[in-house]
Amino acid sequence: MKHRAHMDGDVMITGFFPLYTLGIDHSNSDSTRQDHTPFIFKNYQFLLALAFAIEEINKNPDLLHNLTLGFDVYDVQFGAWRVFKTPFIWLFGKYKIPNYSCIRDSKSIAILTGPLGITSARIGTLLQLYRFPQFTFGPFDHALSDHHKFPALYQMAPKDTSIATAMVSLLLHFSWNWVGLFTSQDENGLWILPELKEEMAKNSVCVAYELLISSKGIAHIIRIMAVYNEINKSSANVLIIYGDNESLLDLMLFIEHILMKGKVCIMNSQWNLKTRRYFMLGSLHVPLIFTHHHADVSGFTDFVKAVHPSKYPEDFFLAKLWFLSFNCSDIESDCIAWDECPHDASLDWLPRHIFDISMSGDSYNIYNTVYTVAQALHEMLLRQTEVQTMGNRKWTAPSPALLHPFLKNIQFYNPAGDQVILGEKRKLEPEYDILNIWDFPEGLQFDVKVGKFSPYALHGNQLSLSEDMIEWAIGTAETPHSVCSESCGPGFRKSPQEGKPACCFDYNPCQQNEIANGTDMEQCVKCTDHQYANTQRNKCIRRDETFLALGDPLGMALACMGICFSLLTAAILGMFLKHQDTAIVKANNRTLSYILLISLIFCFLCSLLFIGRPNTVTCILQQITFGVVFTVAVSTVLAKTVTVVLAFKVISPGRRIRWLLVSGAPNLIIPLCTLIQMTFCGFWLGTSPPFVDTDAHSEHGHIIILCNKGSLTAFYCVLGYLGSLAMASFTVAFLARNLPDTFNEAKFLTFSMLVFCSVWLTFLPVYHSAKGKIMVAVEVFSILASSAGLLGCIFVPKCYNILLMPNKNSLHVFRIFKNYQFVLAVAFAIEINKNPDLLHILTLRLDIYDVHFRAWTMLKNPFIWLFGKYKIPNYS
């Protein structure tokens, strides 16, 4: 038998497939090793796919009409020069003289090569000289897409335009973000590397290391040895390997034997390693393989089961397969006796790890190639201007070069329902099946489809995976882990490590009132003002609204104080009204006392405006009422102080002074000062009035509703004016403090103003340091304290005299009033200064001093009058 597979036809398709390998069978001796395992059973499916498609087309009456297709398939070897041997003989015959052929009238219309791109490229350099349409059925190779170098070459496999997206989707599914990259140092590796790195960068997946492997020379072996350190010192447990069998075969064997310990390999093709015999307990690594998805071809499995050497007598490779698989004759014999073979033998008997009867991806590309040639040839024949008759003229196949115009724009649906487009730019993006290899002892393997990737599905649903079907590394049932840094959970944010990839980071807790409700968040999110972060800082919780409410202990205490003090003030007012005719009430200008007591009642009551839920009206009334009522109170104190000074310090009053005292002119201080304060308040309301505001920062978990002052300038003007009145009252009262004790309340007024000023001077720093409800409580307490200071310092001593010392309130005071007539009598008499008839230019002066009734103190004032302030006898 010739070393080929042949089926005759009117038009032939020639195939060059590698059907032998350099594998070694350790179980046989050197003399017999050549006859056994070197034959690649898996590759024979290529020939069966070719035969199946041709027979299917020949039975189709709608294609090629009266023409039939046939095939010639030859074995090619892997060596650099040996790969040309078979194509050279096929072109030029047994004489092997270039451009001279003894083979007349060749019927070949197309050439089929593969699956390795390097094999197709070497054969293509020879075939393109003769414009033979060359079809490659292996994985898409970027080196073959140069149409200037390979003008007659067509790649049947789709371009891996979405392989990077598919692989990264698998990484994201398992949360693997720390990955090593292995690629071949060729056009395919140089193309996929930036695609992968770009897609990984978009999805926050980092490259732990990247290795380019060349298949040339000793440097290749040295590079493989260097890989060992790269893998084992890295914490990455996932590797993406992209390349073909030839460029990375040595690396894969090295990885299988030495390197891989529980690593996950994500690959773009199924490696031709099924002849391994060193498995004992299964693989130490986990292969996840992306293969092109294709439709099931109906009838192919039944066709393979029915194949028999007697059906294809000119198929040397089928005979060889049958001989090795079913022991049809003695090994030493050169003849095959089919009678010695089991009569019902079938390829279905062979184990699946040796020969799989289901159509592979490469076989599916061969199937599409045959239909592509048939469709183009059918189109060409239909367009011929002259119809060749089959009569006595001998049929000659059309020139292969004439097929190219029809191939470039071809587009059709194959019998499986898939669309076939030959142009690279118009090809559809491929879908991918994800395979996992289940390993068994003695090298047995089983390919299991565990998932699928479709670029046409909605984003987020492109990858579908059955995790429970994946066989992980031996000794573990858990999904492998491959991260540079552990994920930081909710409540923490990532902090990048200097000089390292983005996947390597530390994690820090979120700051106060910030949350991170996801994993690996770059920044924490600040809660809005009406929310706050919980303790774990992974959730914003709505704040409860709060204010200085009457139900709060603090609010209730302040409200009770305000009501009690106002009632106490009202009681004192009632007492003064009851004893209005007593000397002590009359002596201290009872009208001003009434006004002061009434204003203090309102001062105490205005504190209640600060308690309860604020609204616009209460916010305005709080400040305006406070400013006006306190101005009335302080201006009343100032009027009382001025009255005392006028009564006791003006020694020689004229008519105007007497009129001021008699008419009650000091009482005008009250409306005048109040009018000025009301002007300030009107300006405040006209520019920026108080309004309802919220404070979300003072109290954790609560949002405080309070009144905003609006214009702080206006607020401090009101407060400053009130302070200036208090200081004026304090100053005048302090100057009048040494007037006669019984009549004089200047000391009480001085002390009351001292308390008032002290309270409000203390209020300013405490108010600015307080927050939230405490700030409001400080203002309320200051109102109550200052009002209570005025009430206690001025009126408590009088109440004491009225209630507990009635004698002092009546007799002694009566005596003082009677004695004061002496002063008035002398002052009236001294009006003689106005009589021009007496004393002429001289005037009389009146100096009156009080003397005490005690023995020694009655000499004090005469002593000072005689000897001056130095009080030295006989020296004045």
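Residues numbered from 1 in each chain as written. Predicted model: local features only at pLDDT ≥ 70, side-chain atom pairs only at ≥ 80, totals over all residues. Heavy atoms only, no water.

**Q** Would you take a moment to explain the overall build of the protein for this structure?
**A** A tally of regular secondary structure across the protein gives 22 helices and 25 strands. Within the protein, buried positions represent 47% of all 876 residues. (Helix = DSSP H or I, 4+ residues; strand = E, 2+ residues; numbered from the N terminus. Buried < 20%, exposed > 50% of the residue type's maximum accessible area, 1.4 Å probe, protein only.)

**Q** How should I be thinking about helix 18 (residues 712-735) in this particular structure?
**A** An α-helical turn contains 3.6 residues, so any two residues separated by three or four positions project in the same direction. In this model helix 18 runs 34 Å from its N-terminal to its C-terminal C-alpha over 24 residues, within 8% of the 34 Å that 1.5 Å per residue would give. Buried residues of helix 18: Ala714, Phe715, Val718, Leu719, Tyr721, Leu722, Leu725, Ala726, Ser729 and Ala733, and no others. (Expected span 1.5 Å × (residues − 1).)

**Q** Is there a simple way to think about the state of the cysteines in this case?
**A** Each disulfide is one covalent bond, formed between the sulfur atoms of two cysteines. For the coordinates displayed, the defined rule picks out 5 disulfides. Residue cysteine 206 pairs covalently with cysteine 503 via a disulfide, S to S 2.1 Å. Disulfide cysteine 206-cysteine 503: torsion about the S-S bond near 90°, hence right-handed. On the criterion of sequence distance, the pair formed by cysteine 206 in strand 8 (residues 206-213) and cysteine 503 in the loop between strand 17 (492-496) and strand 18 (505-509) is long-range, its members being 297 residues apart. For the pair cysteine 206 and cysteine 503, one class covers both residues: buried. (Disulfide = S-S within 2.5 Å.)

**Q** For this particular structure, what's the right way to read helix 17 (residues 669-687)?
**A** Taking 1.5 Å of rise per residue, 19 residues should cover 27 Å, and helix 17 covers 28 Å from first to last C-alpha, within 8% of that figure. When helix 17 is considered as a whole, its buried residues turn out to be Ile669, Ile670, Cys673, Thr674, Gln677, Cys681 and Trp684. Projected down its long axis, helix 17 carries its buried residues within an arc of 110°, all on one side. Of the residues in helix 17, the exposed ones pointing more than 90 degrees away from the buried face are Leu672, Leu675, Thr679, Phe683 and Gly686. (Arc of directions from axis to C-beta.)

**Q** Which parts of the structure should I look at to understand the sheet that holds strand 3 (residues 69-75)?
**A** Sheet strands pair via backbone hydrogen bonds, and the direction of the pair is either parallel or antiparallel. One open sheet accounts for 6 strands, arranged 1-3-2-4-5-6; its pairing is mixed. The open sheet is flanked by strand 1 (4-7) and strand 6 (153-155), the only strands paired with a single partner. Direction aside, neighbouring strands of the sheet carry axes that sit 20° apart on average. Summarising the sheet, strand 1 and strand 3 pair through 4 bridges and their orientation is antiparallel. By the bridge assignment for strand 3, methionine 7 is matched with phenylalanine 71. Strand contacts of helix 9 (residues 316-326): strand 1 and strand 3, with the helix running at about 120° to strand 1, the strand carrying the most contacts. (Pairing = 2+ DSSP bridges. Axes fitted to C-alpha atoms, helices over the stretch in contact; angles between N-to-C directions. Contact = heavy atoms within 4.5 Å.)

**Q** How should the pairing of strand 2 (residues 11-17) be read in this particular structure?
**A** Side chains on a regular strand alternate between the two faces of the sheet. Counting buried positions over the 7 residues of strand 2 gives 7, a clear majority of the element. Residue alternation in strand 2 divides its side chains into two sets, Val11, Ile13, Gly15 and Phe17 and Met12, Thr14 and Phe16, and both sets are buried. Pairing analysis gives 7 bridges linking strand 2 to strand 3, with the strands arranged parallel. Of the residues in strand 3, the one forming a bridge with phenylalanine 16 is tyrosine 74. Examined bridge by bridge, strand 2 and strand 4 (residues 108-113) share 5 bridges and lie parallel to one another. Bridging across to strand 4, isoleucine 13 finds its partner in alanine 110.

**Q** Sorry if this is basic, but what is going on with the sheet that holds strand 25 (residues 702-708) here?
**A** Read across the open sheet, the 3 strands follow the order 23-25-24; overall the sheet is mixed. The open sheet terminates on both sides in strands that have one partner only, identified here as strand 23 (544-546) and strand 24 (691-695). Adjacent strand axes in the sheet meet at a mean angle of 30° when their direction is disregarded. When strand 23 meets strand 25, the two strands line up parallel, connected through 3 bridges. Across the sheet, residue threonine 546 finds its bridge partner in strand 25, namely isoleucine 704.

**Q** Just to check I follow, could you spell out the pairing of strand 8 for this structure?
**A** Here strand 7 (residues 178-184) pairs with strand 8 via 7 bridges, running parallel. Across the sheet, serine 184 pairs through a bridge with isoleucine 213, a residue of strand 8. The parallel pair strand 7 and strand 8 is bridged by helix 5 (residues 187-202), and the resulting crossover is right-handed. (Right-handed = clockwise from strand over helix to strand, strands pointing away.)

**Q** Is there a simple way to explain the pattern of salt bridges in this structure?
**A** Proximity of charged atoms lets side chains of opposite charge pair with each other. Here the structure, examined in full by the defined rule, presents 13 salt bridges. Salt-bridge contacts for aspartate 8 lead to lysine 107; the nearest nitrogen and oxygen are separated by 3.0 Å. Of this pair, aspartate 8 sits in the loop between strand 1 and strand 2 while lysine 107 sits in the loop between helix 2 (85-92) and strand 4, placing them 99 residues apart in sequence. The exposure class assigned to aspartate 8 is exposed, which follows from its relative accessible area of 53%. For lysine 107, a relative accessible area of 28% corresponds to the partly exposed category. The partner of lysine 709 in a salt bridge is glutamate 779, with the nearest N and O atoms 3.3 Å apart. Separated by 70 residues along the polypeptide, lysine 709 in the loop between strand 25 and helix 18 and glutamate 779 in helix 20 (residues 773-804) bring together distant segments of the chain. Side by side, lysine 709 and glutamate 779 carry an identical accessibility label, which is buried. Salt bridges sharing common partners tie together Arg4, Asp72 and Glu314. (Salt bridge = Lys/Arg side-chain N within 4 Å of Asp/Glu carboxyl O.)

**Q** For this particular structure, what's the right way to read the environment of serine 269?
**A** Within the secondary structure, serine 269 is located in the loop between strand 10 (264-267) and strand 11 (286-292). Note on serine 269: relative accessible area 14%, which makes it buried. Sequence separation between serine 269 and isoleucine 289 is 20 residues, and the spatial gap between their C-alpha atoms is 6.0 Å. Look past the residues within four positions of serine 269 in its chain and what remains in contact with it is Gly243, Ile289 and Phe290.

**Q** Would you explain the confidence of the model for the protein in this entry?
**A** The share of residues in the protein with pLDDT of 70 or more is 80%, and the mean pLDDT across the chain is 80. Taken as a whole, residues 273-282 scores under 50 in pLDDT and shows 27 contacts with residues more than four places along the chain or in a different chain. Note that residues 389-393 has pLDDT below 50 and, in this model, 1 contact with residues that lie over four places away or in other chains. (pLDDT = per-residue confidence, 0-100.)

**Q** Quick question: what am I supposed to make of the nonpolar core here?
**A** Counting 70 residues, the largest nonpolar core has Leu50, Leu69, Phe71, Phe135, Leu347 and Phe355 as the members making the most contacts within it. Per-element accounting of this core gives the leading share, 11 residues, to helix 1 (residues 44-58). Within the second largest apolar cluster, 67 residues are counted, among which are Val585, Phe604, Leu725 and Leu791. (Core = buried A, V, L, I, M, F, W, Y, C linked by side-chain atoms within 4.5 Å.)

**Q** Quick question: what am I supposed to make of unusual backbone geometry here?
**A** Excluding glycine, residues mostly carry a negative phi; peptide bonds, for their part, are mostly trans. Across the junction of glycine 114 and proline 115, the peptide omega takes the value -5°, indicating a cis bond. Looking at where proline 115 falls in the secondary structure, it is placed in the loop between strand 4 and helix 3 (117-127). Its identity as a non-glycine residue notwithstanding, leucine 64 has a phi of 65°, on the positive side. Relative to the helices and strands, leucine 64 is located in the loop between helix 1 and strand 3. For leucine 64, a relative accessible area of 2% gives the class buried. With a phi close to 60°, arginine 131 is a non-glycine residue in the positive phi region. Relative to the elements of secondary structure, arginine 131 occurs in the loop between helix 3 and strand 5 (134-136).

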